Amino acid sequence: MSNDNLFIRVLRKEDFLDLIFELVNIHTVGSPLHLARRNAGEPAVLIVYFPAQHIVEEVSPENVIVNTPIKAMLSGPSRLVFELPDYEDKWPFTLETLLNWKDYKPVLPKLPDLPMPDSLPNPKIFEGKTALEIPTGLYLSPDESGVWYNIIRSQGQDGRFVLWHTQLGEKKKENENIVREGGKTHLITTSNRHIPIEDEKEKRTLTQENLNQIVRLTTDFSEFKPSPINIRRLMLSSAGAWANFDAAWNYPLGYKGLSLEQWQHIMTQGRDQFVKTVEKAFLCDTGHLVSIVTITERQFNGIPNGQKGAQAILRQYKYLEVREPMKNYETLDPVYKHGRREMPFKWIKITTRTTPKLGPSEKYPWPKNLGPATPFWPTEKNKEKDEPFRFKMVAEDWDGNIVSFERPLLCVPFNEKPPNWQEIVDIYNSYANLRNVPLNHQPIAFTNTDADSKGKTTLETATVKFMAQPVTSEKDTVLSDLKLPYFQPRFLPQVELAEVNIPAAEQVTGRKLDKKSIEFEKTYLDHGFDTTLNKGEVFAKLAKLDLSLPTEKAGGLITPKTTIEGLSRALGPVANPDDIKLGKFDPKKMLDNAARFLGGITLNDILEEVSFDPLKIKEIESTLTPDELIPKLDDPNFKLVAPMLTKRLLPNDAIETRYLWKPSIKTWPGDEKAFFRFLTKKEDTRFRNDAQLSINVQMVTAPDGSPPTYMVLGKLQEFALEFVDAMLLKFSALRFTAENGKKMDVSAEGLDLIFQGPLEFVETIKNIIPPNAFSDPPFIDVSATGVTSGFTLGIPSFGVGIFSFENIDLSAALSLPFVDQPAGVTFSISERQKPFNVSVMGFAGGGFFSLALSAKGIEGIEASIEFGGNISINLGVASGGVYVMAGIYFGMAGDEVKLTGYLRCGGNVSVLGLVSVTVEFYLGLTIRRKENTNVEVWGQATLTVGVKIAFFSKSISLTVERSFAGPKGDPTFAQIMGPEYEGGYPYEWEKYCMAFA
């Protein structure tokens, strides 16, 4: 500003015109006064100074009481600079000359010719040029196409006048009477003016970072032509500006750390009415691009404390707009650490396009203050609970299942400084409860499948726990090589674990099982389904899940109580996944010790570790239908050494689940002298083939929600049970079949009972048992605890030479318990209450025999035999007779054994029927061995004498009993001493000691 320049201040009270004019290279001449060019050939410049055009005010959040006064600051002065026409050197010194700007050439700043990739235009380029500080902190100037249209003379009527103003518009075309408002400009920079309001988004409409980015995005021509600022309205007045600016910038994401993509600013008479900024951000962990929309608008609120009037305060709120609804992760497979095996979703689409008003969560704050770049959990305001907002999403899994869910996501603002991606991932993953997403039991395929395994990796999922995976430096190179058309933040989503239900297991057990937590198996993550390192195609591990088939469905033949610890694409749920991966299967690790075979023998005893090819089992399932597979289980050469639990969709949309198993079984125990043995080898059982065990549980769940139907086929073929090398029980087949709507069918075929060793004498009698007595038994008793079948066969009286046999009954029964009790067989010849009789001439006898065996051994033996003679004589006057009887009884129940022998003899004499004398002598001796191994001998002798004379009779019995205990039956010294008294010493011991005092 030169001292030679001419300054003129114009004031007009009617319309508040108040301007200062500076005239450069112009002076006044003549009368009336004119304006004249001082130096010919040099430009005559008109500079118009305006009062402050904008007021920057402190901003407040919504629904917050504001105490006045609030902070505010005026912008600096603004100016318009024009060149008067070169073809004139003299102008009338009138107001019209000073305000006729539409005919003057604007003097505008010029951006540097060299690009400014990382710096802002120097405010000095605006010196001596048009510079409008609108809004505060920014200098801008319309471009050369803009024209200023003014009110020259005051306009109004009835004492009311239009406020003087000048309006930016486009040049009028020929014969055009209207003015098209607005314009465009790239001419902008920051004013570097200090604003005494906290530089935070929550305090100002535009932060300093916003101002800097507006300038950079508008003026940086280094790599592409930037979008200009659209000036939809700009009116200047002595009382402030009316402005409506907007700008939208389209640049590659991640370009120079810029994040602002849209700006809109509306002000009236210098005061902000509406300001909108849109900044780029990402959602973690999904990586979707969103925009943080910040709206600042003037709202009228009542004055607190009950005062009259209203406050017009700038209020600010935010919300998010989803810019990238669909995120495809298949294209990012090579960027994942494990080839995206840790991520079951091909894509995730956010259906929430615009959120409600949000703000940072106070309950879950970010631990570090990074200014505008601080990540935050978007939380809906004005809610009672400070819980993060849940975005609605849909996703597609490996099998094409579409699932929907809602979950909170972390908003990561994009900033000029590159984010610390690793730090963001680490802190994000620390919010474990926010990463847990309810899926409401929707089916999810957790890994890729083929035609033979489709559905085996699909589980009813209760919850999924996501986590963020950082993109390593090595993978960052891979990401760059992909040359994606969009920017990918340096993190990826993956599934850490999930809580699932296993429908196949639930349908087999017939009950709802507790949900279990699964996580991807390490070998699967590292090597996928490598045929060497992961033969069993195991893809997940889970907390141990007990899988017990109900005994009423398992058939009493077996009651497996298996455990599931992993999931296989080839086999479904499996136990001991570490062995399955290597193609090994050890049933002992799959079953607990309570798993029973025939209710008494543990399956761990008879099953052995085997090597197998899971792919062959997979091939069996894919090539054989259930109708073809069931007969195959009867083939002695067909093996299914590992359980197969599968699920498939039937043509009627019903779900079929099958539990199949035909393991190799072995003889148990290996000791040939063992008390009880389960025989499987054909050399021992004398069958054509080794023993075979199979179970096929088939359940079908209808789509209409009706109860599931089931069919259970259990079969054990060509095996034998040997008891103490005395009894061999052979079974050609032991079957159990149960189906909906049909009577349970239990049968034993080809039962052969062979007595050997010490019981070989019974073999001859046993041979009269019908060979098929058990295949169509005379009785079958089915209860909640088991099935019992058997027969009782009465043999007619017969004679062999001088011998006569009567009351001989043969009976046998087979017990198959459902509960954890041993299977057993009983065999008996007659009974205690109805013994058999044998007589020859004057001698007679009888007895009975009963044997009860179980898988645990001999449960009980009871036998008795009695024999004797009787001789009588009659001499007419006198008669008499003598008899002698002897017998032995043997009984064993558990660990208690009892052996009794007895002798009974006597005689009688009768004279004329008036006098008779009877004498009987009984002697019995019993040996008992009890559970505590004490042995006791107990004897009894009785002599009975009876006399009868006419009507008088009298009998006298003399009885003597005696017992003898074994060495463990003697009393101890303490027992001899007797009980203690109050002093704590035995009384007898004290008495004994006092005798020597």
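Everything below is about the structure printed above this text.
A quick note: this is a predicted structure, and the numbers were derived from the prediction, not measured.

Undergrad: Describe the side chain of N429, naming the residues involved and giving the relevant values.
TA: By the element assignment, N429 lies in helix α3 (residues 421-429). Note on N429: relative accessible area 17%, which makes it buried. If sequence neighbours within four positions are ignored, N429 has contacts with R435, M467 and A468.

Undergrad: Break down the packing of aromatic side chains for me, with residues and values.
TA: Applying the stated criterion across every chain, the model contains 26 aromatic pairs. Seen from their ring centres, W101 and W164 are 6.1 Å apart, and the 85° between their planes marks the pair as edge-to-face. Remark: W164 occurs in the loop between β16 (160-161) and β17 (166-170) and W101 occurs in the loop between α1 (95-99) and β11 (105-106); sequence separation between them is 63 residues. Accessibility classification places W101 together with W164 in one group, the buried group. Summarising the aromatic geometry, the rings of Y524 and F529 are spaced 5.2 Å apart at their centres and angled 40° between planes, so their arrangement reads as tilted. Judged by relative accessible area, which is 18%, F529 ranks as buried. Joined through ring pairs, the aromatic side chains of Y364, W366, W377, Y428 and Y431 make up one cluster. The lysine or arginine in question, K280, covers the ring of Y251, its NZ or CZ lying 3.7 Å from the ring centre. The residue whose ring lies beneath K730 is F687, and the NZ or CZ to ring-centre distance is 4.7 Å.

Undergrad: Explain the sheet that holds strand β13 (residues 138-141) residue by residue, including any values.
TA: Strand order in the open sheet made by the three strands is β12-β13-β19, with antiparallel pairing throughout. Looking at the sheet topology across the chains shown, the edges are occupied by β12 (132-133) and β19 (187-190). Pairing between β12 and β13: two bridges, direction antiparallel. Each bridged residue has a counterpart across the sheet, and for E133 the counterpart in β13 is Y139. Strands in contact with helix α2 (residues 208-219) are β13 and β19; relative to β19, the strand with the most contacts, it is inclined by about 150°.

Undergrad: Describe in detail helix α11 (residues 614-623), supporting the description with residues and values.
TA: Every buried residue belonging to α11 is among P614, I617, K618, I620 and E621, and all of these are buried. Mapping the buried residues of α11 onto a view down its axis gives an arc of 155°, with all of them on the same face.

Rules behind the numbers
- Residues numbered from 1 in each chain as written.
- Predicted model: local features only at pLDDT ≥ 70, side-chain atom pairs only at ≥ 80, totals over all residues.
- Heavy atoms only, no water.
- Helix = DSSP H or I, 4+ residues; strand = E, 2+ residues; numbered from the N terminus.
- Buried < 20%, exposed > 50% of the residue type's maximum accessible area, 1.4 Å probe, protein only.
- Contact = heavy atoms within 4.5 Å.
- Phe/Tyr/Trp six-rings, centres within 6.5 Å; stacked < 30°, edge-to-face > 60°.
- Lys NZ or Arg CZ within 6 Å of the ring centre and 35° of its normal.
- Pairing = 2+ DSSP bridges.
- Axes fitted to C-alpha atoms, helices over the stretch in contact; angles between N-to-C directions.
- Arc of directions from axis to C-beta.

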